[in-house]
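Structure assessment
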Amino acid sequence: MTATARQPGDPTSGSSEEAPRPRPPKQEQQPASEEVTEVAPGIIRMQLPIWMPGLGHVNTYGLLDDRGLAVVDPGLPGPSSWRALKTRLKTAGYTVSDIHTVIVTHSHPDHFGGAGRIKKEAHADLVAHRAFTTWSLEESNRRNHLPTEEEAAEAERIAAAAAQALDLGAEEIPTIADHTDDYEGDPLRDNPTSELQASSVPWGGETPWGGSKHPMPPWRRRMMIRALRFLFRPPDPTRRVVHGERLELAGREWVSIHTPGHTIDHLCLYDPEFGVLLSGDHVLPSITPHISGVGNGADALKSYLQTLDLVAALDGVRLGLPAHGNPFDDVPGRVEAIKEHHQERMELLGEASHAIGPATVQQLSHEIFPRKHWGVMAESETFAHLEHMVLEGEAERWDDDNGRLMYRVA
Ligand SMILES: [Zn+2]
Ligand SMILES: [Zn+2]
């Protein structure tokens, strides 16, 4: 999942003071096309609808070989996405049972959602990075029964409606790791005091920078979270790969490229024969993925920038196949543009810090993000940038008397 690149003064971000200018949607926001296209030798692109604001579709790539096909990132959980997947496969001349392998690029629900069901129904292998998912299979077996089609459809309807109504950022939708409150044993259900909400993870949990993520999550938000937890079947990989492993797909050999930054478990696949990079959310054609400062390593931005360089330097890379948006041919050029975006964001933070003096993450996030984007996503992205600057010696951090982190950019 992704967040669009936003900056004050950015012509695409707009602001309430300016007259709204009509602008075409970014390619990542285009609704899912029903067309199935061949994008490289032995690789088809299928687009599945997703209901998160800011994104119109997820690309599910089919890698064809004489055994059938492997699919990469088979969309959200729930019946709508599943129906679309079956229709696209049919258009391409396949059925679900022809899938022998599912590859999940990272632990976001628009990427892994359909994977567990494919694994089960097609007896397919499920490949993900070694760091994928923190939810053990024993736990999930104990907790979940398989939802019926009606239950799943209802849960999907609630989740989709809530996501739209609340204008949730894609990153705010819980992933499989967010399982700490049980469906049954959740004290919030019976006793929704603000103290309990404040200590509940992730919707009221304390952030590292000393603020509450969502001090009082609205009732609808909680409904949505429950619906999503119910929908998700945490997929358990049959093969966990590390950086540099070889995989036989589409009749040729691919190399797994570990690309932490957007998430700690992000995986790209590289085909040296045709110069194809399956780039997941790591490199997208016209938006930049959200880099969260929480649960994502000590310096997520550094990991991200370094692994951007890594994919740009791949020998003979000439086609990027992203999880959202259209195929693009200049992978190094796109990497350069994304790096510039992060550089600019750090410069904006420097200017803001000089203007207002020592400040909290929230205060600085309000300086560099337009008001309509204020909130936990803007703060976690600001935090990731500030922490990077601290570790690079470009900023100072200390605790104030209330235990909040304070920053000053040098
Ligand atoms: Zn993602
Ligand atoms: Zn995504």
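The numbering scheme is per chain: residues are counted from 1 as the chain's sequence reads. All chains are assigned letters beginning at A, and all ligands numbers beginning at 1, according to the order in which they are written. The predicted origin of the model limits local features to residues at a pLDDT of at least 70 and limits the giving and counting of side-chain atom pairs to 80 or more, whereas totals for whole chains, interfaces and linings rest on all residues. In computing side-chain properties, one takes all heavy atoms of the structure into account and sets aside hydrogens as well as water.

1. Let's talk about the overall build of the protein chain
The helix and strand inventory of the protein chain stands at 12 helices and 15 strands. Burial classes follow relative accessibility: with a 1.4 Å probe on protein chains only, a residue under 20% of its type's maximum area counts as buried, one over 50% as exposed, and anything between as partly exposed. Residues classed as buried in the protein chain amount to 55% of the 410 residues present. Contacts are assigned to residue pairs that have any heavy atoms within 4.5 Å of one another. Taking as baseline every contact in the protein chain between residues at least 6 positions apart, the subset at least 24 positions apart corresponds to 66%. Note on areas: Shrake-Rupley, 1.4 Å probe, and residue coverage restricted to the protein chains presented here. Of the roughly 17,600 Å² of accessible surface on the protein chain, a fraction of 50% belongs to carbon and sulfur atoms. Numbered from the N terminus, helices here are DSSP runs of H or I no shorter than four residues, and strands are runs of E no shorter than two.

2. With respect to the sheet that holds strand β14 (residues 395–399)
Across the sheet, which stays open at both edges, the 3 strands sit in the order β13-β15-β14 with antiparallel pairing between neighbours. Two strands bound the open sheet, and with one partner strand each, they are β13 (359–360) and β14. When β13 meets strand β15 (residues 405–409), the two strands line up antiparallel, connected through 2 bridges. Note on β15: the bridge partner recorded for threonine 360 is methionine 406. In this analysis an axis means a line fitted to C-alpha atoms, helices contributing only their contacting stretch, and an angle means the value between N-to-C directions, from 0 to 180 degrees. Most of the contacts of helix α12 (residues 376–391) go to β15, to which it runs at about 65°, and overall it touches β14 and β15. Strand pairing is assigned whenever DSSP detects at least two bridges linking the two strands.

3. Some details on the pattern of salt bridges
By convention in these notes, a salt bridge is any Lys or Arg side-chain nitrogen within 4 Å of a carboxyl oxygen on Asp or Glu. Inspection of the entire model under this criterion finds 10 salt bridges. The salt bridge partner of arginine 252 is aspartate 271, with a shortest N-O separation of 2.8 Å. With a gap of 19 residues between them, arginine 252 in strand β9 (residues 252–258) and aspartate 271 in strand β10 (residues 267–271) connect regions that are remote in the sequence. With a relative accessible area of 5%, arginine 252 lands in the buried category. Of the charged contacts in the structure, one is a salt bridge between arginine 345 and glutamate 381, with a shortest N-O distance of 3.3 Å. With a gap of 36 residues between them, arginine 345 in helix α10 (residues 331–356) and glutamate 381 in helix α12 connect regions that are remote in the sequence.

4. Quick word on helix α1 (residues 79–91)
If you check α1, its first and last C-alpha atoms are 18 Å apart, about what 13 residues at 1.5 Å a residue would give, namely 18 Å. Within α1, the full set of buried residues consists of Pro79, Ser81, Trp82, Ala84, Leu85, Arg88 and Leu89. Immediately downstream of α1, the backbone of glycine 93 shows phi near 90°, a positive value. By this rule the span expected of a helix is its residue count minus one, scaled by 1.5 Å.

5. Considerations on the nonpolar core
Core analysis: the biggest nonpolar cluster contains 38 residues, and Leu277 and Tyr407 have the highest contact counts within it. Of all the secondary structure elements, the ones that give two or more residues to this core are β9, β10, α9 (300–312), α10, α11 (361–368), α12 and β15. With near-sequence residues (within four places) excluded, leucine 277 lies in contact with Cys268, Leu269, Tyr270, Val311, Leu314, Val317, Leu319, Gly320, Leu321 and Val331. Here, the term nonpolar core denotes a set of buried Ala, Val, Leu, Ile, Met, Phe, Trp, Tyr and Cys residues that are joined through side-chain atoms within 4.5 Å. Grouped together as the second largest cluster of nonpolar side chains are 35 residues, Ile44, Val104, Ala124 and Leu126 included.

6. Details of the pairing of strand β1 (residues 37–40)
Examined bridge by bridge, β1 and strand β2 (residues 43–49) share 3 bridges and lie antiparallel to one another. Among the inter-strand pairings, alanine 40 is bridged to a residue of β2, identified as isoleucine 43. Counting the residues between successive antiparallel strands, the hairpin from β1 to β2 contains 2 residues, one of them, glycine 42, with a positive phi of roughly 75°.

7. Thoughts on the packing of α9 against α10
Here α9 crosses α10 at 160°, and the two axes come no closer than 9 Å. Accordingly, the angle class assigned to the pair α9 and α10 is roughly antiparallel. For the pair α9 and α10, the crossing hand works out as left-handed. Residues Leu301, Tyr304, Leu305, Leu308, Asp309, Val311 and Ala312 of α9 form the contact with α10, whose participating residues are Val331, Pro332, Val335, Ile338, Lys339, His342 and Met346. Of the residues assigned to the contact of α9 with α10, the class counts are 11 nonpolar, 1 polar and 2 charged. Orientation labels follow simple angle bins: below 35 degrees gives roughly parallel, above 145 gives roughly antiparallel, 65 to 115 gives roughly perpendicular, and whatever is left gives oblique. By convention the crossing between two helices is left-handed if the near helix lies anticlockwise of the far one by an angle smaller than a right angle, and right-handed if it lies clockwise. The classification used treats Ala, Val, Leu, Ile, Met, Phe, Trp, Tyr, Cys and Pro as nonpolar, Asp, Glu, Lys and Arg as charged, and all other residues, Gly among them, as polar.

8. A short note on a negative patch on the surface
Residues forming no salt bridge and having over 30% relative accessible area are the ones grouped into patches, like charges within 9 Å of each other and nonpolar side chains (Val, Leu, Ile, Met, Phe, Trp, Tyr) within 5 Å. Charge assignment in this entry is limited to Lys and Arg as positive and Asp and Glu as negative, and neither His nor the chain termini are counted. Working definition for charges: the position is that of NZ of Lys, CZ of Arg, CG of Asp or CD of Glu. Judged by side-chain charge, Glu336, Glu340, Glu344, Glu347 and Glu351 come together as a negatively charged surface patch. The topology assignment puts glutamate 336 in helix α10. The class of glutamate 336 is partly exposed, set by a relative accessible area of 41%.

9. Quick word on the side chain of histidine 100
For histidine 100, the location among the structural elements is in strand β5 (residues 99–103). Polar contact criterion, stated in full: a pair of N or O atoms within 3.5 Å, where within protein one must be able to donate a hydrogen and the other to accept it, and residues adjacent in sequence count only if both atoms are side-chain atoms. A distance of 3.2 Å separates a polar atom in the side chain of histidine 100 from a polar atom in the side chain of arginine 67.

10. A look at the environment of leucine 64
Its place among the elements puts leucine 64 in strand β3 (residues 57–65). Measuring from C-alpha to C-alpha, the distance between leucine 64 and isoleucine 99 comes to 9.4 Å, with 35 residues separating the pair along the chain. Look past the residues within four positions of leucine 64 in its chain and what remains in contact with it is Gly42, Ile44, Leu69, Tyr94, Ala250 and Gly251.

11. Topic: the packing of aromatic side chains
Pairing of aromatic rings covers Phe, Tyr and Trp, the last through its six-membered ring, and needs centres within 6.5 Å; plane angles under 30 degrees mean stacked, over 60 mean edge-to-face, and all others mean tilted. Tallying each qualifying case throughout the model produces 1 aromatic pair. Relative to phenylalanine 132, the ring of phenylalanine 112 lies with its centre 6.2 Å away and its plane at 75°, an arrangement referred to as edge-to-face. With phenylalanine 112 in helix α2 (residues 109–112) and phenylalanine 132 in the loop between β6 (125–129) and α4 (137–143), this residue pair connects regions lying 20 residues apart in the sequence. Each member of the pair, phenylalanine 112 together with phenylalanine 132, is buried.

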